[in-house]
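Fold and geometry: a report
Now for the letters of each chain:
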Amino acid sequence: MDQGSQKASVTPYEEVLDALSSLITKRSRADPSIKGDRFDLLFDYIKILDLEEPISKLKIIHVAGTKGKGSTCTFTEAILRNCGFHTGLFTSPHLIDIRERFRLDGVDICEEKFLAYFWWCYDRLKENTNDDVPMPTFFRFITLLAFKIFTAEQVDVAILEVGLGGRFDSTNVVQAPIVCGISSLGYDHMEILGNTIGEIAGEKAGIFKRGVPAFTVSQPDEAMRVLEEKASQLDVHLQVVPPLDANLLNGTKLGLEGEHQYLNAGLAVALCSTWLQRTGHLEVTNLQQNSSLPEQFIKGLSTASLQGRAQIVPDRHIDIERSGDLVFYLDGAHSPESMEVCARWFSLAIKEDSQQQTLNYQPQDDARSSNELIQRDSGGRSRKNSTQILLFNCMSVRDPQLLLPRLLKTCASHGVHFKKALLVPNISVYHKVGSHALSSTDSQVDLSWQFTIQRVWENLMQGNKGVDAQSMDAVCEEVKDDTELCVKNCANSAVFSSLPIAIKWLRDYVQQNQSIRFQVLVTGSIHLVGDVLKLAKK
């Protein structure tokens, strides 16, 4: 790359992000031509990068699943790091910075190393690809980059989270992992993985390798049958792991919030135990689940940290004295099952906040630090009423008529009711990477999907089920909005042309209603969660 040709205004890091953006295809993920998409090309890329032998020497833990695979990988990495191993963790997606996807010893790879490894891979691929072997697409490239980083850094263990599915995922070039895991399965990415839970399970089981032990959690019957069948065909010893017994933690709490995390923690403990045993590290494997876990395991589980999952962040824009008056509850749930889990977590979290007058606040500057409990002055806040707001978007391949009822019903069962739903497009542009990928507040942005979600929400709130989209327009009658910030304001919802405008509306509302504390659940899209995290810092 001719570094002299870059403009003075573009930093070396931005140049890398532009090069990465050029690898993002514009095809819809539902495009039927994508399935498999010449999977064999990955082996050509690995040869070009001379990574065949280095990858074969990596001691890999490979994890697929619909829900909880990122949390399972995070717990697994934290445990093995606390056992003294040099760890590499590859996850997706990132929320704020692409480097979050590549973690060494629990920390995002530094910019200097990221730039060096990026150009090492990119330049070799650019020089050696052609019409028959084109440049890899975005996710394939970053998977190859992860392999380069982990092999060059000589990690003791590489924990790989599958990006999508399993069988044709680019992480599945791994031929001989030490152990595999399948987290909870559910209905997601059906446009690619299949319409039944059995078909989805078959794709996830594609990561099984002959004779390599595998673990999973309790699954729906049809999914479990498929997993067992695939395991049997490959002589894989598949074991079902129960949720972690909280008593084994000796009084400490998991670093990741939510009851569902005990399921992921149990899977992580099994993966770590087997990895230690199969790599000859027997000194740390006293893991009979009848007393307590080794100290290193407890420390890993209690200090694990993952942005955008059951995360509570006070808005930085509000005065510090009133920082509890606008609080974002962030969770990237985007399937019907995870929406229910998210609703349960939110309902319990706001009740706990109300009872204890505390905020469970996870610092953004140190991703390794455990959740901190920051005591707030209860004098003023205890007299304030709380109002719940939903800030929502989901991808158009998902069905809001499946997602939103699960959210509403679960919240209502805990006595939680939303005053308003704010519906926004994501500000991250899908064909760009990095902070310069944030779109402007374009008045021409297509909001037809947000209007569709709004009709579903208004319909649900007014209890009119089974109405077609056309008659829903009557339900969604516009209400005057004095702020003139929203595009379409209805009784129970408002559509905004951009996320920054919705955040401004919230902040203005807080200033005008100083006797009320606003608790905003942000969910439906991990990309939306990342965008809110960026803005909540400002």
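Presented here is a report on the structure given in the accompanying data block. (Residues numbered from 1 in each chain as written. Predicted model: local features only at pLDDT ≥ 70, side-chain atom pairs only at ≥ 80, totals over all residues. Heavy atoms only, no water.)

1. Considering the nonpolar core
- Within the largest apolar cluster, 48 residues are counted, with the highest numbers of intra-cluster contacts made by Leu20, Phe102, Phe141 and Phe150.
- Elements supplying a minimum of two residues to this core: helix H1 (12-21), helix H2 (41-48), strand S3 (102-104), helix H5 (111-128), helix H6 (138-152) and strand S5 (157-161).
- Per element, the largest residue contribution to this core is 9 residues, and it comes from H6.
- Residues within four places of Leu20 in sequence aside, it is in contact with Ile98, Phe114, Phe118, Phe138, Phe141, Ile142 and Val433.
- Grouped together as the second largest cluster of nonpolar side chains are 38 residues, Val157, Val217, Tyr262 and Ala304 included. (Core = buried A, V, L, I, M, F, W, Y, C linked by side-chain atoms within 4.5 Å. Buried < 20%, exposed > 50% of the residue type's maximum accessible area, 1.4 Å probe, protein only. Helix = DSSP H or I, 4+ residues; strand = E, 2+ residues; numbered from the N terminus. Contact = heavy atoms within 4.5 Å.)

2. Side note on the sheet that holds strand S2 (residues 87-90)
- An order of S4-S3-S2-S5-S1-S6-S7-S8 is seen for the 8 strands of this open sheet, with the pairing classed as mixed. The open sheet has two free edges, formed respectively by strand S4 (107-108) and strand S8 (238-240), since each of these has just one partner strand.
- Taken together, the 4 bridges between strand S1 (residues 60-64) and strand S6 (residues 179-182) define a ladder with parallel strand orientation. Bridge pairing in S6 links Ala64 to Ile182.
- Strands S1, S2 and S5 of the sheet are contacted by helix H4 (residues 69-82), whose axis makes an angle of about 170 degrees with S5. (Pairing = 2+ DSSP bridges. Axes fitted to C-alpha atoms, helices over the stretch in contact; angles between N-to-C directions.)

3. Thoughts on the packing of H1 against H5
- For the pair H1 and H5, the least separation of the axes is 11 Å and the interaxial angle reads 40 degrees. What the angle tells us is that H1 and H5 run oblique. Our pair here, H1 against H5, has a crossing hand that is left-handed. Contact with H1, carried on its side by Pro12, Tyr13, Glu15, Val16, Ala19 and Leu20, involves Glu111, Phe114, Leu115, Phe118, Trp119 and Tyr122 of H5 and no other residues of that element.
- Looking at the contact of H1 with H5 residue by residue, the class counts come to 10 nonpolar, no polar and 2 charged. (Parallel < 35°, antiparallel > 145°, perpendicular 65-115°, else oblique. Left-handed = near helix turned anticlockwise from the far one by under 90°. Nonpolar A, V, L, I, M, F, W, Y, C, P; charged D, E, K, R; others polar.)

4. Re the pattern of salt bridges
- Applying the stated criterion across every chain, the model contains 13 salt bridges.
- The partner of Glu161 in a salt bridge is Lys69, and the shortest N-O contact between them spans 4.0 Å. One end of the pair, Glu161, is in strand S5; the other, Lys69, is in helix H4, with 92 residues separating them in the sequence.
- Judged by its relative accessible area of 4%, Glu161 falls in the buried class.
- As a salt-bridge pair, Glu153 and Lys113 come within 3.0 Å of each other at their nearest N and O atoms. With Glu153 in the loop between H6 and S5 and Lys113 in helix H5, this residue pair connects regions lying 40 residues apart in the sequence.
- Of the residues examined, Glu153 reaches a relative accessible area of 16% and is grouped as buried. (Salt bridge = Lys/Arg side-chain N within 4 Å of Asp/Glu carboxyl O.)

5. Some words on the sheet that holds strand S16 (residues 493-495)
- Read across the open sheet, the 7 strands follow the order S9-S10-S17-S13-S14-S16-S15; overall the sheet is mixed. A strand with exactly one partner marks an edge of an open sheet, and here the two such strands are strand S9 (311-314) and strand S15 (488-489).
- With 5 bridges connecting them, strand S10 (residues 326-330) and strand S17 (residues 516-523) associate as parallel partners. Counterpart to Leu326 in the pairing with S17 is Phe518.
- Sheet strands in contact with helix H14 (residues 400-413) are strand S13 (385-392), strand S14 (418-423) and S17, and its direction is about 165 degrees off that of S13.

6. Considerations on the state of the cysteines
- Under the defined criterion, the tally for this structure stands at 0 disulfides.
- With no disulfide partner, Cys486 has as its closest neighbouring cysteine sulfur the one in Cys490, 9.3 Å distant.
- According to the relative accessible area criterion, Cys486 is buried, its value standing at 13%. (Disulfide = S-S within 2.5 Å.)

7. Observations concerning the pairing of S2
- Of the two faces of S2, both are covered, the one formed by Thr87 and Leu89 as well as the one formed by Gly88 and Phe90.
- Bridge count between S2 and S5: 4 bridges; the pairing is parallel. Along S5, the bridge assignment pairs Phe90 with Leu160.
- Both S2 and S3 contribute to a ladder of 3 bridges, which runs antiparallel. When the bridges of S3 are listed, Phe90 appears paired with Phe102.

Honestly, it's all geometry; don't read function into it.
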